[in-house]
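Below, each chain spelled out in residue letters.
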Amino acid sequence: MVVIQILLWLPLAAGFGCFVVPRRGVPIAAVLGTLGTLGLAIAVVAGFDSATPGLQQTVNESWIPSLGVRYMLGVDGISLFLVLLTALLWAGATAFSVFRMPERRRIYYFMLGLAETAALGAFLAQDLLLFVLFFDLMLVPFWFLIGAFGGENRISATTKMIVYTLVGSLLMLVAAIATAVLASGDVGHLSFSMADLRANPLSSGSQYWIFCFFAAAFLIKMPAFLVHGWMPDAYREAPLPVLALLSGVLSKVGAYGFLRVALPLYPQATVHFQELILVIGVAGILYGSIMAFTQTNVRLIAGYSSVAQLGFITIGIFSLRPDGADGAVLQMVNHGLVVAGIFLIVALLWERSGTEDLTRLGGLATRAPVLASLFLIVTLATLAMPGSANFIGEFYILIGVFQTKIVYAFVASAAVVLAAYYAIRLFQGTMHHRARENVDSREIGIRDAVVVAPLAACIVALALYPGLVLGRSDESVKSTIAATCLKGGSSSSVGQSGYSLAFSDCPGNPFDKTPPPPIGASLHDKGWTGYAPISEVSN
């Protein structure tokens, strides 16, 4: 489709345009490029058929025939709102940067455009190698954006980030090539098409080590507990509009990778390593929450809260339940909006105080009721106040985990209390208490309100109507989870009918106690959707 291709490449084209327009026109070209991309993303959402679980707006063209690589794009319910989130946050961050007029603006806006195209490409790619290329391409512009426009220790921060993410990227590249080569015998030719690879899963032994390689890359990108070592330095040194994108969008690419690649392509490995990933997710929730309320740097408070929220998203995905995965998709969108809003507001706080130390802030709400109100909306969403979309997302996730691994659900539920502490502490420490001498309490300007207010409006809108996301993601999520359970289940319990309990390894499966279907029953016959033919399970 023409629309999706323009959507993908328009940001990069606008970035190149920044080199040819007059210097004064550079910010205008950059903003127009992001607004055009946002308009196309809205059009794609408006034209999406929520009743169709498969891909829409598809593009399938030959790219490197000798290697079996195709230029395949498409959008489904899982990626739909992540594409819209990307377009929205890039438009906001670009406009926010325009008001600050960074030096070397041509390079700055070109890198922003390249980064947006790379992020959109990762969400739209349906060829495994194409996904890997876009996934790795994101690293390049952010390396320049932080290394050239960041704080005093930007070089060491970018070096650490490169080391971590490059290791993950190399592991993922090896895993993608191995998947295509090992599956070529069943496919009939070398192919990186996710549809071909999903239809011809590898043996369990191959799935295990390849899944671990992909999981390492995705967990580093998120960042998750134990592999988040690059995060504190990068968050301290990144320009705040860039940090809003890094935390709001790039971290979601890692979580999205599990739903798009790991679960459908490596179902047996997904079931095998489910509990390990759940442990990592729950540990991330606890660690991120504890670290968030021990920090005094407002950037790191938001950064560690992101680690906790991404832990929730991880356990939702690996509940291997449609409700848990639905909540994870909703929470990816929620968290992107919330954390981007926090970092943009942190930028406003720094301009009014010259510090990001929570102990030196206070009293900013005295003459800034609108700014305080916007911050309050973001804060209440962060702590998942009942009535907020974040509450709905976490509720869905916990429902899924409770039906799967109840112990992990109890621990994750306890961590919700910690979120209330660090979120309220952040808001009160900046907006209230005694005004500090160095703090200039003034209202948010119209230019900045044009950027921050729409994010707050989106947070409120999703709180009122979370079905906007859930209704469009549900069919795609069910398809992904069903594929994992059908091909990841055990084939040890084979009855005389020739069918196996395909969902037997998927905890909380509603079909676990259903008697076997009669011989010759169709897989899609009503009442027997929990079973799969032996031939399908053994694949």
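Residues numbered from 1 in each chain as written. Predicted model: local features only at pLDDT ≥ 70, side-chain atom pairs only at ≥ 80, totals over all residues. Heavy atoms only, no water.

### Details of the packing of aromatic side chains
Then, number 1: Under the criterion given, the structure shown has 26 aromatic pairs.
Then, number 2: By way of ring pairs, the aromatic residues F131, F135, Y208, F211, F214, F218, F258, Y266, F273 and F318 are connected into one cluster.
Then, number 3: For R100, the ring lying beneath its charged end belongs to F96, and the centroid distance is 3.9 Å.
Then, number 4: A cation over an aromatic ring shows up here: R104 above the ring of F149, its NZ or CZ 5.1 Å from the ring centre. (Phe/Tyr/Trp six-rings, centres within 6.5 Å; stacked < 30°, edge-to-face > 60°. Lys NZ or Arg CZ within 6 Å of the ring centre and 35° of its normal.)

### Some words on the layout of surface pockets
Then, number 1: Its volume calculated, the largest pocket comes out at about 460 Å³.
Then, number 2: In this structure, the largest pocket is lined by 20 residues; those nearest its centre are R100, F149, P239, L240 and P241.
Then, number 3: If you list the elements that add at least two residues to the lining of the largest pocket, you get α3 (80-98), α10 (231-237), α11 (240-265) and α15 (322-353).
Then, number 4: Looking at which element gives the most residues to the lining of the largest pocket, the answer is α15, with three residues.
Then, number 5: Across the lining of the largest pocket, the residue classes tally to eleven nonpolar, three polar and six charged. (1 Å grid on protein atoms, 1.4 Å probe; cavity = no way out; pocket = protein on both sides within 12 Å on 5 of 7 lines; lining within 4 Å. Points joined across faces, edges and corners; volume = space filled by probe spheres on them. Helix = DSSP H or I, 4+ residues; strand = E, 2+ residues; numbered from the N terminus. Nonpolar A, V, L, I, M, F, W, Y, C, P; charged D, E, K, R; others polar.)

### So, the pattern of salt bridges
Then, number 1: Inspection of every chain in the model, using the stated rule, returns ten salt bridges.
Then, number 2: With a shortest N-O distance of 3.1 Å, D233 and R236 are connected by a salt bridge. Of the two residues, D233 and R236 both sit in helix α10, three residues apart, roughly one turn of that helix.
Then, number 3: One connected set of salt bridges, linked through shared partners, spans R100, E351 and D448. (Salt bridge = Lys/Arg side-chain N within 4 Å of Asp/Glu carboxyl O.)

### Points about empty space enclosed by the protein
Then, number 1: Across all of its chains, the model carries seven cavities of 30 Å³ or more by this definition.
Then, number 2: Residue lining of the largest cavity: 13 residues in total, with M161, K221, W230, L246 and L250 positioned closest to the centre.
Then, number 3: For the lining of the largest cavity, the secondary-structure elements that each account for two or more residues are α6 (139-149), α7 (154-187) and α11.
Then, number 4: With three residues, α11 is the largest single contributor of residues to the lining of the largest cavity.
Then, number 5: Split by residue class, the lining of the largest cavity holds ten nonpolar, two polar and one charged.
Then, number 6: Space inside the second largest cavity adds up to approximately 80 Å³.
Then, number 7: Breaking the lining of the second largest cavity down by element, the ones donating at least two residues are α1 (2-17), α2 (26-46), α3 and α4 (105-124).

### Focus: the environment of S251
Then, number 1: Looking at the secondary structure, you find S251 in helix α11.
Then, number 2: In sequence terms S251 and V307 are 56 residues apart; their C-alpha atoms lie 9.5 Å from each other.
Then, number 3: Those residues in contact with S251 that lie beyond four places of it in its chain are K221, M222, L246 and L310. (Contact = heavy atoms within 4.5 Å.)

### Focus: the nonpolar core
Then, number 1: Of all hydrophobic cores here, the largest spans 188 residues; its most connected members are L128, F131, F214, F258 and Y266.
Then, number 2: In terms of residues, this core owes the most to one element, α15, which gives 18 residues.
Then, number 3: Those residues in contact with F258, other than ones at most four positions away along the chain, are A215, F218, L219, M222, L263, P264, I317 and F318. (Core = buried A, V, L, I, M, F, W, Y, C linked by side-chain atoms within 4.5 Å. Buried < 20%, exposed > 50% of the residue type's maximum accessible area, 1.4 Å probe, protein only.)

### A short note on the side chain of K221
Then, number 1: Take K221: it is sitting in helix α9 (residues 204-221).
Then, number 2: Comment: no salt bridge for buried K221; closest opposite-charge side chain is D136, at 6.1 Å.
Then, number 3: Among residues more than four places away in sequence, those in contact with K221 are F135, M138, W230, L250, S251 and G254. (Lys, Arg positive; Asp, Glu negative; His and termini not counted.)

### Looking at unusual backbone geometry
Then, number 1: The amide bond that connects M222 to the next residue, P223, takes the cis arrangement and shows omega of -10°.
Then, number 2: Locating P223 in the fold gives a position in the loop between α9 and α10.
Then, number 3: Residues other than glycine seldom take positive phi values, yet L226 does so here, at roughly 85°.
Then, number 4: Examined against the element boundaries, L226 turns out to sit in the loop between α9 and α10.
Then, number 5: Of note, L320 is a non-glycine position whose phi angle comes to about 55°, a positive value.
Then, number 6: With respect to the secondary-structure elements, L320 resides in the loop between α14 (298-317) and α15.
Then, number 7: For L320, a relative accessible area of 2% gives the class buried.

### Describing a nonpolar patch on the surface
Then, number 1: Taken together, the side chains of L286, I290, F402, I406, V407, F410 and V411 define a hydrophobic patch exposed on the protein surface, amounting to about 580 Å² of accessible area.
Then, number 2: Taken together, the elements giving at least two residues each to the nonpolar patch come down to α13 (274-292) and α18 (406-431).
Then, number 3: The element that contributes the greatest number of residues to the nonpolar patch is α18, accounting for four residues.
Then, number 4: Of note, I290 is situated in helix α13. (Patch = residues over 30% accessible without salt bridge, like charges linked within 9 Å, V, L, I, M, F, W, Y side chains within 5 Å. Areas by Shrake-Rupley, 256 points an atom, 1.4 Å probe, with all protein chains shown as cover.)

### With respect to the confidence of the model for the protein
Then, number 1: Residues with a pLDDT of 70 or more make up 90% of the protein, whose mean pLDDT is 86.
Then, number 2: Taken as a whole, residues 489-505 scores under 50 in pLDDT and shows 55 contacts with residues more than four places along the chain or in a different chain. (pLDDT = per-residue confidence, 0-100.)

### Some details on helix α16 (residues 369-382)
Then, number 1: In a regular helix each residue adds 1.5 Å, so 14 residues correspond to 20 Å; α16 covers 20 Å between its end C-alpha atoms and thus fits that length.
Then, number 2: Tucked into the core, α16 has its buried residues touching α14, α15, α17 (389-402), α18 and α19 (446-464).
Then, number 3: Downstream of α16 by one or two residues, A384 has phi in the positive range, about 55°. (Expected span 1.5 Å × (residues − 1).)

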